[in-house]
Amino acid sequence: MSHLIETVYNLLWGDLFTLPVGGGIGISLMAVLLLTAGVFFTLRTRLLPVRLFRDMIAAVCEKNQSRDSLSSFQTLIVSTATRVGMGNLVGVVAAVSAGGAGAVFWMWLIAIVGGASAFVESTLAQIYKKRDVSGGSYGGPSYYIEAALKNRALGVIFAIALIATYAGGFNMLASFNLIDSMSNYGFYHQFMMGDKSLVPMIGGAILAILVGICIMGGGKQIVRITGVLVPFMGVFYILMAVAVMFLNIGRLPEVFVNIFSNAFDFKAIFGGAAGFGSSALMQGIKRGLYSNEAGMGSTPHAHALANVDCPHDQGVVAMIGVFIDTFVVLTLNALVIISTLYTADGPLASGYVGDVTGVLGKANLAQTAFGVVFGESAGNMFVAVCLFFFAFSTILSWNLFGKINVAFLFGKKSTVVYT
């Protein structure tokens, strides 16, 4: 399994070609495809994410006319549940650690470009959505690929790929990071079987049972649960991050100077930080795309569920999710880490990484950052609780997306999509 994952990753995110600058900067296939699409949609729509910022608020406030379908705000909550989570806490850790503070700037830029991609894919999901007997709707990329391109085979390929990605890859990633956040506690190493802790197995079983209970209630149950969890965890996390910013307010000017100077520093852009051979530019692109999911074809499943007067309105709502993910939650997490953690060689904001980072991609760095301000025990507990809500809500939403694609493959009666 490890070899298979590594092979697929290298195919999609490995170096497609290398630019001969700064010692060489690798460009991946997925970065080229997603960026090309995002730039094209941004230019084709005449900078839509910037022009229609006011329309975003109006679209979210639009009232739902049917009790059997979702409002724009409800679909925003479901889609935000998948966007706000692992990419914000874990993705930004990896980006800043490997690419330096400048990676944050490129993540911002990716969000602007990605907003246009999110608009297009979610508008298409509304245009080509299916109706059920109760008056509700469902759909996604597989449905509009088949309808618009008249290509059932390509839609099947997408559906299979998405089911494998979310049922296997993303759910495993979410549950792993959730359990891994517990490794900072003493009990993690007290329950042992040989040289391995039992906590991952016990925690995984409990998580599976809780998720199973929730998803047995169908799509409406998932929406109700995420409708409570996502606003709660979002507000809770933002308040704590803002508190850290207030306590570190004297360092914020230095942090922003480091972000912009590192973003446009030739060595940082092309050479990377900390000796990992990964540039601020590519880390920002990779982690930015992973965090906001714009163009990945996931969140259109949620936006197809909405009952709106015009498909354009739901596309505008989709852009809000990208902005919330990147410019609010992801930015706050990055500022917390950069403004708080210092190593023996200097501030992390300057691109230095020491032993404090642990293993790249894990949540320990975020726990350490909050621990510096609130105390080690409180920092560990806060991030672990946030990760639980992040992981739990995203797993529920991904289950709903998987169901919609199972219905595409085997028919509406093969699964309960939204009841």
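Positions within a chain are numbered from 1, following the residues in the order the chain's sequence is written. In keeping with the model being predicted, local features are shown solely for residues with a pLDDT of at least 70 and side-chain atom pairs are shown and tallied solely at 80 or more, while totals for entire chains, interfaces and linings include all residues. Calculation of side-chain values draws on the structure's entire complement of heavy atoms; hydrogens and water are dropped beforehand.

1. Regarding the packing of helix α8 (residues 141-149) against helix α18 (residues 376-410)
For the record, the criterion: To get an axis, fit a line to the C-alpha atoms, keeping to the stretch in contact for a helix; angles then go from 0 to 180 degrees between the N-to-C directions. Numbered from the N terminus, helices here are DSSP runs of H or I no shorter than four residues, and strands are runs of E no shorter than two. Residues are treated as being in contact if the distance between any of their heavy atoms lies within 4.5 Å. Ten residues, namely Ala, Val, Leu, Ile, Met, Phe, Trp, Tyr, Cys and Pro, are considered nonpolar, four, namely Asp, Glu, Lys and Arg, are considered charged, and the remaining ones, Gly among them, are considered polar.
With their axes 9 Å apart at the nearest point, α8 and α18 run at an angle of 35° to one another. On α18, the residues that touch Ser142, Tyr143 and Glu146 of α8 are Ile404, Asn405, Ala407 and Phe408. Here the residues of the contact of α8 with α18 sort into four nonpolar, two polar and one charged.

2. Considerations on a nonpolar patch on the surface
Basically, it comes down to this: Within this analysis, patches are made of residues with over 30% relative accessible area and no salt bridge. Like charges are joined at 9 Å or less; nonpolar side chains (Val, Leu, Ile, Met, Phe, Trp, Tyr) at 5 Å or less. Residue burial considers only the protein chains on display, and all accessible areas are found by Shrake-Rupley using a 1.4 Å probe. Here, a salt bridge means any Lys or Arg side-chain nitrogen found within 4 Å of an Asp or Glu carboxyl oxygen. Type-normalised accessible area, obtained with a 1.4 Å probe on protein chains alone, sets the label of each residue: buried when under 20%, exposed when over 50%, and partly exposed for intermediate values.
Among the surface-exposed residues, Met1, Leu4, Ile5, Val8, Leu11 and Leu12 lie close enough to one another that they form a single nonpolar patch of about 600 Å² accessible area. Note that Leu12 resides in helix α1 (residues 2-13). Residue classification places Leu12 among the partly exposed residues on the basis of a relative accessible area of 30%.

3. Here's the deal with the packing of aromatic side chains
Formally: Working definition: a ring pair exists when centres of Phe, Tyr or Trp rings (six-membered ring for Trp) sit within 6.5 Å. Plane angles under 30 degrees give stacked, over 60 give edge-to-face, the rest tilted. In this scheme, the term charge over a ring applies when either NZ of a lysine or CZ of an arginine sits within 6 Å of the ring centre and within 35 degrees of the ring normal.
Taken as a whole and judged by the stated rule, the model has 16 aromatic pairs. Here Tyr237 and Phe370 contribute two aromatic rings whose centre-to-centre distance is 5.9 Å and whose plane-to-plane angle is 70°, an arrangement assigned as edge-to-face. Here Tyr237 is found in helix α11 (residues 218-247), whereas its partner Phe370 is found in helix α17 (residues 364-374), with 133 residues between them in sequence. On the numbers, 5.9 Å between centres and 10° between planes, the contact of Tyr237 with Phe382 is stacked. Residue Tyr237 is located in helix α11, and its partner Phe382 is located in helix α18; the two are separated by 145 residues in the primary sequence. The same class applies to Tyr237 and to Phe382, which are both buried. Members of the aromatic cluster, each reached through a chain of ring pairs, are Phe236, Tyr237, Phe370, Phe374 and Phe382. Sitting over the ring of Phe408, Arg152 keeps its end group 4.2 Å from the ring centre.

4. Details of the nonpolar core
Keep this limit in mind: Among the buried residues, those of types Ala, Val, Leu, Ile, Met, Phe, Trp, Tyr and Cys that are joined through side-chain atoms within 4.5 Å form a nonpolar core.
Ile259 and Phe392 are the most contacted members of the largest nonpolar core, which has 68 residues in total. In terms of residue count, the dominant contributor to this core is α18 (twelve residues). Discounting residues that sit within four places of it in the chain, Phe392 has contacts with Leu207, Leu210, Val211, Cys214, Ile225, Leu229 and Leu387. Within the second largest apolar cluster, 16 residues are counted, among which are Leu52, Ala111, Ala118 and Val120.

5. Some thoughts on α8
Here α8 has its buried residues at Pro141, Ser142, Tyr143, Tyr144 and Ile145. Those residues of α8 hidden inside the fold are in contact with α7 (102-127), β3 (130-131), β4 (137-138), α9 (152-180), α15 (300-303) and α18. Lys150, located one to two residues past α8, shows a positive phi value of around 55°.

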